[in-house]
2 protein chains.
Amino acid sequence: MAITIKDVAKKAGVSISTVSRVVNDSKPVSPELKIKVMEVIEELGYRPNEVARSLVTKKSYLIGVIVPDIGQSHVANMLRGIEEVGKMYNYDILLCSSYGEMNAELNYLQLLNRKQVEGLIILSAKLEKEVEAYINAFNLPFVFLSTNDYREEYRSVDIDNKIAVYEMVTYLQQLNHKEIAYIGTKPGKKTKAEVKHDAFVKAMKDSGLPSNLVVETESMSKDAGYEAAKELLNGRNHPTAVFCASDELAIGVMNYCHDQGIRVPEDLSVTGMGDIEMASYIRPKLTTISIPYYDIGAVSIRRIVKVLKGEEQTEAEIKLPFQIHKRESCKKRA
Amino acid sequence: MAITIKDVAKKAGVSISTVSRVVNDSKPVSPELKIKVMEVIEELGYRPNEVARSLVTKKSYLIGVIVPDIGQSHVANMLRGIEEVGKMYNYDILLCSSYGEMNAELNYLQLLNRKQVEGLIILSAKLEKEVEAYINAFNLPFVFLSTNDYREEYRSVDIDNKIAVYEMVTYLQQLNHKEIAYIGTKPGKKTKAEVKHDAFVKAMKDSGLPSNLVVETESMSKDAGYEAAKELLNGRNHPTAVFCASDELAIGVMNYCHDQGIRVPEDLSVTGMGDIEMASYIRPKLTTISIPYYDIGAVSIRRIVKVLKGEEQTEAEIKLPFQIHKRESCKKRA
DNA sequence: TTGAAAGCGTTACCAT
DNA sequence: ATGGTAACGCTTTCAA
């Protein structure tokens, strides 16, 4: 049996109230008793039971985090930010992988509820109605890190996708590229896919260039990028550059090029979005928009902690700065 | 204020004992009451408070996991296994990133202790004395997933490094390579680095080949691999193949080759160990020993759950099967 | 089958 | 400054 506050109190010859006071430094205790108690705590190796403590204080110091898949490097990086900053505020993470399934999200939400988490961060392509209803009933500080749908009514943290894509496409144009293709998922209404796609179109139109070279993918994966490249580079189109809505797509495209003997960047310039670790280790190194995933996680949890502390934050959306990393996969067109 | 068991009891006109019984299905309850109670639970949306429950049952359904860095893909994969299988048994993970610092490990251990975790999985290069002492005092089911030091007194899950390396080096020999180099960290006493290095030496000696082409690295990182390649391929040595103790090292080597115009596999065959995701996306695709990280995590937590259930497991070490993936980075020597 | 009550390890209020 | 005690929400005897 573990050492409890009673054991300490008895051995130190004081009441449990006194022990509690020295442990929490919550009320003045005379120096002599304080020292005595601390000695006994040390001697017995007493560690307060957080479960009991939570029950009375109603603070679990737990934050629920639901992600699609921790195996994806950008997810892992967000998690690092969440975890690290959480720890700074004494908060722990209860991590759940939904694998994109709504039922899993629902189950985990219920679990997190029962475990008395104080806040919620959800990373998901979209917020299904059922999930949303549950979260609202839940009534906890909540950050929605959408990978696609825009929901400006919830707290979120992201970069400004519109500006980022516009800048990258403009950079490609500065490199003398005229025929630039876009690879990304279907631009549904009020989605990031739409924002990115529209930014691409605008950047092209603003320069009087055609913006019809678009390949819609099923997902943001490397395999999808590989397939998209196959479709794009079938001989009918002659893009000299391609903007991919994610690094994974871009890597798939580059792999297709490698396998087909298409040289990057000599024959085709490729750009990505995300700046995942692999982007700078793959050869040629990928030119990409760096999304500060770690910071996104860090800011998300900090917002939750702030709300918990009553230091309300008003704006729902927070935009973090991004950077364009110009690396080897793009080249100036003669 | 959340709905409690009392609210349910009052509304259903029964005692809290009865409510508890139907919730846990722990003792017979008459059908009428059962239905009534369930209706009220549904109506009120009652969810048992796990904190209160933990306090009395002394089961937190929490397992503490300390890893160096969740950002590394093999770590993320272990975590996936741990998380997924844990959930199957209703266990949640309390995740802590130590970044390899002993003091962080110590702090987290204390935290996990206070949070009443029921088991412990630690991933670390070595088990420092202080950490070990703490864990032993802790007295919980514990799995030590060492990235280097061997500690056969604790539960562990891994592949058989000796056999794996021997087989890979043998494969290289079958490809007619005679001058094979080894890149890895310093082979300290009772470490995996030693086991791997010794297996390399044995495989070479068994074939009457020289085994002196060894580069010791500071770490297992890509950068370390890059530097090691620089040292190895300086013109004095003429290896035709190199075995790297990790995929990251191998990728660093391949990048150095790319930058220097050394062709892989035509000029140099490269092999890795780990089969991280990048191994099959990098070009040329990396020949490597596949370590089932997901399974290692999965088996680890399953062992803990088994111990918790009293279904003791005797052997400390569990060896999982590995595979050698023969891909593009190796080529037969003329 | 049901309910009352003790108890889990704390904190926090109320006396003293 | 210190101690006694109710309360947190639940499970689990023990009686009935």
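Model, not experiment: these values are computed from the prediction.

The next point concerns the overall build of chain A. The helix and strand inventory of chain A stands at 13 helices and 12 strands. For chain A, the spread of C-alpha atoms along the three principal axes comes to 85 × 40 × 35 Å. Within the span of chain A, comprising 334 residues, buried residues form 54% of the whole. Entry remark: accessible area of chain A is about 15100 Å², with carbon and sulfur atoms responsible for 49%. When the 44 basic and 45 acidic side-chain charges of chain A are each reduced to a single mean position, those positions are 3 Å apart.

Residue and element names in this part refer to chain A. Taken as a whole, chain A is organised into domain 1 (5–57), domain 2 (62–158 + 293–318) and domain 3 (161–292). Taken together, the 13 residues of domain 2 in the interface contact 12 residues of domain 3. Of the roughly 1100 Å² buried at the junction of domain 2 and domain 3 (both faces included), carbon and sulfur atoms supply 46%. When the buried area of domain 2 at its contact with domain 3 is split by residue, Asn148, Tyr150 and Tyr293 rank highest and sum to 53% of it. Counting the contacts that link domain 2 with domain 3 gives two salt bridges. Summed over the shared surface of domain 2 and domain 3, the result is 11 residue pairs in polar contact (both at pLDDT 80 or more). In terms of residues, the side of domain 2 that touches domain 3 owes the most to one element, helix H13 (residues 293–308), which gives four residues. Broken down by class, the residue content of the side of domain 2 that touches domain 3 amounts to four nonpolar, five polar and four charged.

On the side of chain B, 47 residues touch chain A, which itself brings 47 residues to the contact. Carbon and sulfur atoms make up 57% of the surface buried where chain A meets chain B, a total of about 4600 Å² over both sides. The largest share of the area that chain A buries against chain B comes from Arg114, Tyr281 and Arg283 of chain A, three residues that together contribute 15% of it. The interface formed by chain A and chain B contains 10 salt bridges. Across the salt bridge formed by Lys115 of chain B and Asp92 of chain A, the nearest N and O atoms sit 3.8 Å from each other. Listing elements by their share of the side of chain A that touches chain B, those giving two or more residues are helix H4 (50–57), helix H5 (73–88), strand E2 (92–97), helix H6 (102–114), helix H10 (222–232), helix H11 (247–260) and helix H12 (277–281) of chain A. Along the lines of polarity and charge, the residues of the side of chain A that touches chain B split into 20 nonpolar, 10 polar and 17 charged.

Bringing the sheet that holds strand E9 (residues 269–274) of chain A into the picture now. Residues and elements named next belong to chain A. One open sheet accounts for six strands, arranged E7-E6-E8-E9-E10-E12; its pairing is mixed. Of all the strands in the sheet, just strand E7 (214–217) and strand E12 (323–325) have a single pairing partner and so form its edges. This sheet shows a mean twist of 15 degrees between the axes of neighbouring strands, independent of strand direction. Sheet strands touched by helix H8 (residues 161–174): strand E6 (180–185), strand E8 (241–244), E9, strand E10 (287–290) and E12. Its angle to E10, the strand with the most contacts, is close to 160 degrees. Strands E6, E7 and E8 of the sheet are contacted by H10, whose axis makes an angle of about 145 degrees with E7.

Judged by nonpolar contacts, the single largest core of 154 residues is most densely connected at Val270 of chain A together with Val270 of chain B. If we ignore the near neighbours within four places in the chain, the residues touching Val270 of chain B are Val242, Cys244, Ala250, Val253, Met254, Val264, Leu286, Thr287, Ser329 and Cys330 of chain B. Judged by nonpolar contacts, the second largest core, of 40 residues, contains Leu62 of chain A together with Leu112, Leu127 and Tyr154 of chain B.

Taken together, 30 residues sit near DNA strand D, with Ser17, Thr18, Arg21 and Ser30 of chain A together with Ile5 of chain B positioned nearest. Sugar and phosphate atoms form 64% of the subset of DNA strand D atoms that lie within 4 Å of the protein. At 2.5 Å from a phosphate oxygen of DNA strand D is found a main-chain nitrogen or oxygen belonging to Ser30 of chain A. Separating a phosphate oxygen of DNA strand D from a side-chain N or O atom of Asn24 of chain B is a distance of 2.9 Å. For the surface near DNA strand D, the elements supplying multiple residues, two or more each, are helix H2 (16–24) and H4 of chain A together with helix H1 (5–12), helix H2 (16–24) and helix H4 (50–57) of chain B.

Here we come to the pairing of E8 of chain A. Remember that side chains alternate between the two faces of the sheet whenever the strand is regular. Residues and elements named next belong to chain A. Residues Ala241 and Phe243 point to one face of E8 and Val242 and Cys244 to the other, with burial holding for every one of them. As paired elements, E6 and E8 share four bridges and run parallel to each other. Bridge pairing links Ile180 to Ala241 in E8. Pairing of E8 with E9, which is carried by three bridges, proceeds in the parallel orientation.

About the criteria used
All chains use their own residue numbering, which begins from 1 and follows the written sequence. Working convention: letters from A go to chains and numbers from 1 go to ligands, in the order in which they are written. Per-residue local features are limited, in this predicted model, to residues with pLDDT of at least 70; the limit for side-chain atom pairs, both in listing and counting, is 80 or more; totals at the level of whole chains, interfaces and linings are taken over all residues. Only heavy atoms go into the side-chain values, all of them from the structure, while hydrogens and water stay out. Only DSSP runs of H or I with at least four residues qualify as helices, and only runs of E with at least two residues qualify as strands; both kinds are numbered from the N terminus onward. The classification of residues rests on relative accessible area computed with a 1.4 Å probe and restricted to protein chains. Under 20% of the type maximum is buried, over 50% is exposed, and intermediate values are partly exposed. Using the Shrake-Rupley algorithm and a 1.4 Å probe, accessible areas are obtained, with residue cover drawn only from the displayed protein chains. Residues counted as positive are Lys and Arg, residues counted as negative are Asp and Glu, and His and the chain ends are not counted. Every charge is mapped to an atom, namely NZ of Lys, CZ of Arg, CG of Asp or CD of Glu. Here the limits of each domain have been adopted from an automatic or database domain assignment. Contact between two residues is taken to exist if any of their heavy atoms lie within 4.5 Å; hydrogens are not considered. Two parts placed together each lose some accessible area; with a 1.4 Å probe, that loss summed over both constitutes the buried area. The salt bridge criterion pairs a side-chain nitrogen of Lys or Arg with a carboxyl oxygen of Asp or Glu, the two atoms within 4 Å. The term polar contact refers here to a pair of N or O atoms within 3.5 Å; inside protein, the definition further demands a hydrogen-donor-capable atom paired with an acceptor-capable atom, and it admits residues adjacent in sequence only when both atoms are side-chain atoms. Lys, Arg, Asp and Glu make up the charged group, whereas Ala, Val, Leu, Ile, Met, Phe, Trp, Tyr, Cys and Pro make up the nonpolar group; the residues left over, Gly among them, are polar. When DSSP finds two or more bridges between a pair of strands, those strands are recorded as paired. Helix axes are fitted to C-alpha atoms over the stretch in contact, other axes to C-alpha atoms as well, and angles between N-to-C directions run from 0 to 180 degrees. What is meant by a nonpolar core is a set of buried Ala, Val, Leu, Ile, Met, Phe, Trp, Tyr and Cys residues, joined one to another through side-chain atoms within 4.5 Å. We call a residue near a given molecule or strand whenever any one of its heavy atoms falls within 4 Å of it.

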